[in-house]
Amino acid sequence: MRILLVNDDGINAEGIQVLAKELEKNHEVIIVAPEEQQSAKSHSITITKPIIVKKVNLKGIKAEAYSISGSPADCVRVAFDRLLDEPIDLVISGTNMGVNLGMDILYSGTVSAAIEANIYDKPSIAISAEIKNGVGCYKLAAKYVLKILDKVNHRFMESNTVLNINVPCVDEDIKGIKVCRIGGVIYDYYYVEEGSKEEEISLVISGRRKKEFEKDTDRYYVSKGYITVTPLQYDLTNFKLIEEVEGWLE
């Protein structure tokens, strides 16, 4: 296969480089990634300034690679509009440093890049790895990306689907793979670093408010040691409510 590999952690991130080395053993890989960290950029694109594209050499990686000054979604757009001289079969975004579960997908640059590929009518995967003791389990994530690709084979390749995959950091204790819905919201909370409300204050994200995870969701299954796979789409229309809303406006 010919695979476009993107991410949001930047072209020098360990996650994308570990994944590239595994993928290029059996596939042709083209890397287009942000020149620096772009996490939580969601689906933003660059419209007010030029995007700088640079060809780069990555140590130990034979794939053609480019860094761009834009967002993860920009990486996909620039690749399809300017860099790819031959068709590609699949887009993979990741491996992200940390999981993208529940409503995190709305903020995730990793997931948004995969969804941007879907807009270009290409099947895509967003792959994220849990962090343990400050280290992302990237080799484990790469291993299971290849396993999942082997399993879904042509059915996925012909479906124009986005798969959001999250891999827990449990080494050989992976309990299995669960196809499931996304979980609920877990809010970040902000810590006041300095200043007062009457003047200027500095806020930084300090942690997350925990709660019990709903069963049968990605948050729940990852916490139990399962890899999760959730099919996504960019169409946010609530089709169940279309007729009801029409009734409101009559």
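In what follows, the accompanying structure is described. Along each chain, residues carry numbers from 1 onward, in the same order as the chain's sequence is written. Only residues with pLDDT of at least 70 get local features here, since the model is predicted, and only at 80 or more are side-chain atom pairs given and counted; chain-wide, interface and lining totals rely on the full set of residues. The side-chain numbers reported here are obtained from all heavy atoms of the structure, hydrogens and water having been left aside.

## Looking at the pattern of salt bridges
Test applied: Definition used for salt bridges: Asp or Glu carboxyl oxygen within 4 Å of a side-chain nitrogen of Lys or Arg. Each residue gets one of three labels from its accessible area relative to the maximum for its type: buried under 20%, exposed over 50%, partly exposed in between, using a 1.4 Å probe on protein chains only. Each helix is a run of H or I in the DSSP string that is no shorter than four residues. Each strand is a run of E no shorter than two, and both are numbered from the N terminus.
Using the criterion set out here, one finds 7 salt bridges in the structure. Put simply, E22 and K25 hold a salt bridge, and the shortest N to O gap is 3.0 Å. Residue classification places E22 among the partly exposed residues on the basis of a relative accessible area of 26%. According to the relative accessible area criterion, K25 is exposed, its value standing at 57%. A salt bridge links R181 to E214; its shortest N-O distance comes to 3.5 Å. On the criterion of sequence distance, the pair formed by R181 in the loop between β10 (177-179) and β11 (188-195) and E214 in the loop between β12 (201-208) and α5 (218-223) is long-range, its members being 33 residues apart.

## Comments concerning the sheet that holds strand β5 (residues 90-97)
Put simply, the rule is: For two strands to pair, DSSP has to find at least two bridges joining them. In this analysis, axes come from line fits to C-alpha atoms, helices being fitted only over the stretch in contact, and the angle between any two N-to-C directions falls in the range 0 to 180 degrees. Only heavy atoms enter the contact rule, under which two residues are in contact if any of them lie within 4.5 Å.
A sheet is described by the order of its strands in space; here 9 strands give the open sequence β3-β4-β2-β1-β5-β6-β9-β13-β10, paired in mixed fashion. Two strands bound the open sheet, and with one partner strand each, they are β3 (53-56) and β10. Adjacent strand axes in the sheet meet at a mean angle of 20° when their direction is disregarded. The sheet contact formed by β3 and strand β4 (residues 64-68) spans 4 bridges and is antiparallel. When the bridges of β4 are listed, V53 appears paired with I68. Sitting on the sheet, helix α2 (residues 72-83) touches β1 (2-6), β2 (28-34), β3, β4 and β5, and the angle it makes with β2 is about 130°.

Functional significance is not addressed by these values, which are geometric in nature.
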